[in-house]
Amino acid sequence: PQDCTELTCSREDFTRRRIDFSRHSSFIHTLSTPVGDIEGQLTGPMDEKMDVSLPWSHIGDQIKQLDRIVPTYERDDQSFVISDKSYQHQYSEIYFKRLTALRPVLLARLDDLYPDGCGLVDRILRLEEGQCATVVGTLFKDMPLRPSVLAEYAKEKAILPLPKLASYVSEEDTLVLEDESGRVRLIGGKLDKNNLVTGIIAAVVGTTKENGELEVSEIIFPDLAPQAPWPTLEDDVYVAFVSCLRIGNETSNGLPIQLLGDFLTGFIGTPEGTPARIGMLVVAGNTFARLKDVEGADKVSTTWKKKKDIGSSAHATSEVDMFLSELVTCLSVDLMPGFEDPTNFNIPQQPLNPLLLHKSSAFSTLRAVTNPHQFSLNGVSLLGTSGENVNDMKKCTAEGRPLALLEKLLMWRHLCPTAPDTLGCYPFSEKDPFVMESCPHILFVGGQPSAESKIVEGPTGQRVLLLCVPDFSATATMVLVNMRTLEVSTTVFGA
């Protein structure tokens with residue numbers, strides 16, 4: 001990120017405020033005085049009692065008006081919504097649909113790269129010994145350290161202890177290319193197996209050996225998908241990103257969350273400053289406190305902790321609802337689920353149930369969306385996840401840099417290539433919704449160790465901003481993206 005602002009506040013100097021909430025107004029009013037001058041109590045929003053500074057003689061001097069910009073928003077993640085759930089299909093179908101979708105793309109790339117021909121073979125079973133040929137298929141990475149169902153069952157029954165591994169990569173890993181007809185093992189010094197994962201659709205150029213193995217000389221990927229032209233914006237419009245708020249953890253300092261809310265609602269900063277230019281907030285998953293971080297988690301049954309190890313209490317749900325109900329009166333919020341939130345485990349994760357957030361869900365400005373999530377703001381297309389795809393790829397490759405992995409996703413034209421191998425997903429049978437049919441303008445991922453950004457360019461003029469949103473519970477950092485200039489800045493809410 002190019003700029004970083006740190007906001008700090010001590011508990012003694014912290015100011016209590018009263019918000020005049022209105023669903024139909026485009027501005028907010030604020031009152032602010034030191035806590036030491038508190039003279040009484042007021043009935044606040046949601047009929048809850050709260051301490052408020054109330055020097056009535058100075059009210060007129062302290063009211064501020066925040067005119068917030070309202071951008072044009074369009075939701076584009078219908079392909080991730082599962083309307084009719086059925087688990088009767090085999091997972092092999094999603095691989096075949098992925099291959100069917102990307103094979104024409106690779107054939108077109110081969111025509112451009114090899115106008116005189118490249119010895120293309122339409123099926124793996126038609127490869128001949130000693131022949132230099134090109135074949136299109138799906139890569140499968142055989143990793144002995146990869147978790148298996150039988151090993152998990154043995155662990156559950158305490159038959160043998162299994163350590164949790166941070167990486168499944170080892171020297172014994174092998175790569176296989178397969179299509180509808182069969183499979184062939186890939187070998188060769190030009191094969192970078194440590195940086196490839198299962199599920200990639202690729203064209204492989206090589207020579208078939210006597211033992212049936214294919215010695216690879218080149219691997220060709222689909223590369224970046226076509227991209228709509230970047231819109232021309234006249235005014236600065238910011239999108240705020242946060243991830244892993246984990247609200248409801250009673251053992252942690254809640255001041256950064258409070259400062260975040262005050263900044264977004266306009267209590268911190270000037271009426272004409274950055275808060276007024278923030279068009280929306282994207283919460284990229286893991287908003288609820290983890291079960292082990294919530295008071296009383298030790299009372300939960302052992303079976304639940306074994307099978308889930310994640311979840312949220314009623315207290316965390318109430319805290320999340322209260323926090324969001326304050327934000328959505330002032331700006332639009334897209335709430336993405338994460339693996340620690342109370343929703344389905346497999347991707348695409350479906351929107352959070354509105355019954356969990358009965359106060360904030362009453363506002364149209366709160367949009368419970370899917371994970372992955374795709375939308376456009378003032379014509380700028382954004383696509384991202386809560387971090388599960390990148391975090392899973394870190395276990396399957398030697399590459400640990402999130403930005404490098406995001407760039408590979410663009411090159412492979414697939415958002416979650418390791419699904420359903422090591423990343424659980426719904427067994428789609430009609431199409432693979434994770435195939436990137438078009439290239440987004442901004443590709444983001446949540447739940448990362450730090451805030452990072454990079455602009456990459458494609459072979460036909462594509463320009464994509466890659467964005468890593470850090471874990472807020474660990475860094476207290478929010479990321480702001482200027483949609484007009486693509487400048488990325490961070491704000492740290494320190495205590």
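Residues numbered from 1 in each chain as written. Predicted model: local features only at pLDDT ≥ 70, side-chain atom pairs only at ≥ 80, totals over all residues. Heavy atoms only, no water.

S.K.: How should the sheet that holds strand 19 (residues 452-457) be read in this particular structure?
M.R.: Think of a sheet as strands paired side by side through backbone hydrogen bonds, with each pair either parallel or antiparallel. Strand order in the open sheet formed by 6 strands is 6-16-17-18-20-19, and the pairing between neighbours is mixed. On the outer flanks of this sheet lie strand 6 (73-75) and strand 19, each paired with one strand and no other. On average, each strand axis in the sheet is inclined to that of its neighbour by 20°, with strand direction left out of account. Examined bridge by bridge, strand 19 and strand 20 (residues 463-470) share 6 bridges and lie antiparallel to one another. Residue pairing across strands places Glu452 opposite Cys468, the latter belonging to strand 20. Here helix 8 (residues 388-396) sits on the sheet in contact with strand 17 (380-385) and strand 18 (442-448), set at roughly 70° to strand 18. Packing of helix 9 (residues 402-412) onto the sheet brings it into contact with strand 18, strand 19 and strand 20, and relative to strand 20 it is tilted by some 140°. (Pairing = 2+ DSSP bridges. Helix = DSSP H or I, 4+ residues; strand = E, 2+ residues; numbered from the N terminus. Axes fitted to C-alpha atoms, helices over the stretch in contact; angles between N-to-C directions. Contact = heavy atoms within 4.5 Å.)

S.K.: Explanation requested: the packing of helix 4 (residues 255-265) against helix 7 (residues 314-327) in the structure shown.
M.R.: Packed helix pairs are characterised by how far apart their axes lie and by the angle those axes make with each other. Taken N-terminus to C-terminus, the directions of helix 4 and helix 7 make an angle of 20°; their axes are 9 Å apart at the nearest point. For the element pair helix 4 / helix 7, the angle class is roughly parallel. Our pair here, helix 4 against helix 7, has a crossing hand that is right-handed. Across from Ile257, Leu260, Gly261, Leu264 and Thr265 in helix 4, the residues of helix 7 making contact are Phe323, Glu326 and Leu327. (Parallel < 35°, antiparallel > 145°, perpendicular 65-115°, else oblique. Left-handed = near helix turned anticlockwise from the far one by under 90°.)

S.K.: What is the right way to look at the pairing of strand 9 (residues 183-187) in this model?
M.R.: For a regular strand, the rule is simple: side chains alternate between the two faces of the sheet. The side-chain alternation of strand 9 yields one buried face, formed by Val184 and Leu186, and one unburied face, formed by Arg183, Arg185 and Ile187. Relative to strand 9, strand 8 (residues 174-178) runs antiparallel, the two being bridged by 4 bridges. Of the residues in strand 9, the one forming a bridge with Val176 is Arg185. The turn linking strand 8 back onto strand 9 is made up of 4 residues. Bridging between strand 9 and strand 11 (residues 214-220) involves 2 bridges; their strand directions are parallel. Across the sheet, residue Ile187 finds its bridge partner in strand 11, namely Glu215. (Buried < 20%, exposed > 50% of the residue type's maximum accessible area, 1.4 Å probe, protein only.)

S.K.: Just to check I follow, could you spell out the nonpolar core for this structure?
M.R.: It is characteristic of soluble globular proteins that their nonpolar side chains tend to be buried jointly. Counting residues in hydrophobic clusters, the biggest one holds 56 residues, and the most contacted among them are Leu186, Leu406, Leu410 and Leu443. Ranked by residue count, the leading element in this core is helix 9, at 6 residues. In this view, Leu406 contacts Val390, Leu443, Val445, Leu466, Leu467 and Cys468; residues no more than four positions away in its chain are not counted. One finds Val242, Leu264, Leu352 and Phe472 within the second-largest nonpolar core, a separate group that totals 33 residues. (Core = buried A, V, L, I, M, F, W, Y, C linked by side-chain atoms within 4.5 Å.)

S.K.: Hey, could you run me through helix 8 in this one?
M.R.: The periodicity of an α-helix, 3.6 residues per turn, causes residues three or four positions apart to be oriented the same way. Buried within helix 8 we find Glu388, Asn389, Val390, Asp392, Met393 and Cys396. Residues of helix 8 that are buried make contact with strand 7 (132-142), strand 17, helix 9 and strand 18.

S.K.: Explain the environment of Leu281 here, please?
M.R.: Summarising the element assignment, Leu281 is placed in strand 13 (residues 278-284). Each C-alpha atom, one on Leu281 and one on Ala240, is 4.7 Å from the other, the two residues being 41 residues apart in sequence. Ignoring sequence-local partners within four residues, the contact set of Leu281 consists of Ala240, Phe241, Val242, Leu264, Leu327, Leu331, Ser332, Val333 and Asp334.

S.K.: What is the right way to read unusual backbone geometry from this model?
M.R.: For residues other than glycine, phi is negative in most cases, and the peptide bonds are mostly trans. Here the amide bond leading from Ile347 into Pro348 is cis, since omega sits at -5°, within 30 degrees of zero. Tracing the sequence through the fold places Pro348 in the loop between strand 14 (332-336) and strand 15 (366-368). Look at the link from Ala419 to Pro420: it is a cis peptide, with omega at 5°. Tracing the sequence through the fold places Pro420 in the loop between helix 9 and strand 18. Unusually for a residue other than glycine, Cys244 sits at a positive phi of about 60°.

S.K.: I would appreciate a short explanation of the pairing of strand 10 (residues 201-208) in the present structure.
M.R.: Across the 8 residues of strand 10, 7 count as buried, placing the element largely inside the fold. Note: strand 10 against strand 11, 6 bridges, orientation antiparallel. Bridging across to strand 11, Gly206 finds its partner in Val216. Linkage of strand 10 to strand 11, two consecutive antiparallel strands, is achieved through a turn of 5 residues, within which Gly212 is found at a positive phi near 90°.

S.K.: Would you mind going over helix 2 (residues 92-113) with me for this structure?
M.R.: Here helix 2 contains 22 residues, and its C-alpha end-to-end distance of 30 Å stays within 8% of the 32 Å for a straight helix at 1.5 Å per residue. Considering bend angle alone, the principal kink of helix 2 is centred on Leu102 and spans about 35°; proline Pro104 follows within four residues of it. Taken residue by residue, helix 2 has Ile94, Tyr95, Arg98, Leu99, Leu102, Arg103, Leu106 and Leu110 as its buried positions. Contact partners of the buried residues in helix 2: strand 7, strand 10, strand 11 and helix 9. (Expected span 1.5 Å × (residues − 1). Bend = angle between axes of the 7 residues up to and from the residue.)

S.K.: In this structure, what is going on with the sheet that holds strand 7? I would like to understand it.
M.R.: Taking strand neighbours around the barrel as the criterion, the 5 strands line up as 7-8-9-11-10 in a closed arrangement whose pairing is mixed. Across the sheet, the mean angle from the axis of one strand to that of its neighbour is 55°, orientation sign disregarded. Seen against the sheet, helix 2 touches strand 7, strand 10 and strand 11 and runs at an angle of roughly 145° to strand 7.

S.K.: It is not clear to me how the pattern of salt bridges should be interpreted in this structure. Could you clarify?
M.R.: Where charged atoms from two side chains of opposite charge come close, those side chains can pair. Enumeration over the complete set of coordinates arrives at 16 salt bridges. Salt-bridge contacts for Glu340 lead to Arg246; the nearest nitrogen and oxygen are separated by 2.8 Å. Here Glu340, found in the loop between strand 14 and strand 15, pairs with Arg246, found in the loop between strand 12 (238-242) and helix 4; they are 94 residues apart in sequence, far enough to count as distant. Each member of the salt-bridge network shares a partner with another, and the members are Arg246, Glu340 and Asp471. (Salt bridge = Lys/Arg side-chain N within 4 Å of Asp/Glu carboxyl O.)

S.K.: For this particular structure, what's the right way to read the environment of Asp236?
M.R.: As for its position among the elements, Asp236 is in the loop between strand 11 and strand 12. Through-space distance from the C-alpha of Asp236 to that of Thr485 is 7.8 Å; in sequence the pair is 249 residues apart. Discounting residues that sit within four places of it in the chain, Asp236 has contacts with Ile69, Arg277, Asn482, Arg484 and Thr485. A distance of 3.3 Å separates a polar atom in the side chain of Asp236 from a polar atom in the side chain of Asn482. (Polar contact = N/O pair within 3.5 Å; in protein donor to acceptor, adjacent residues only side chain to side chain.)

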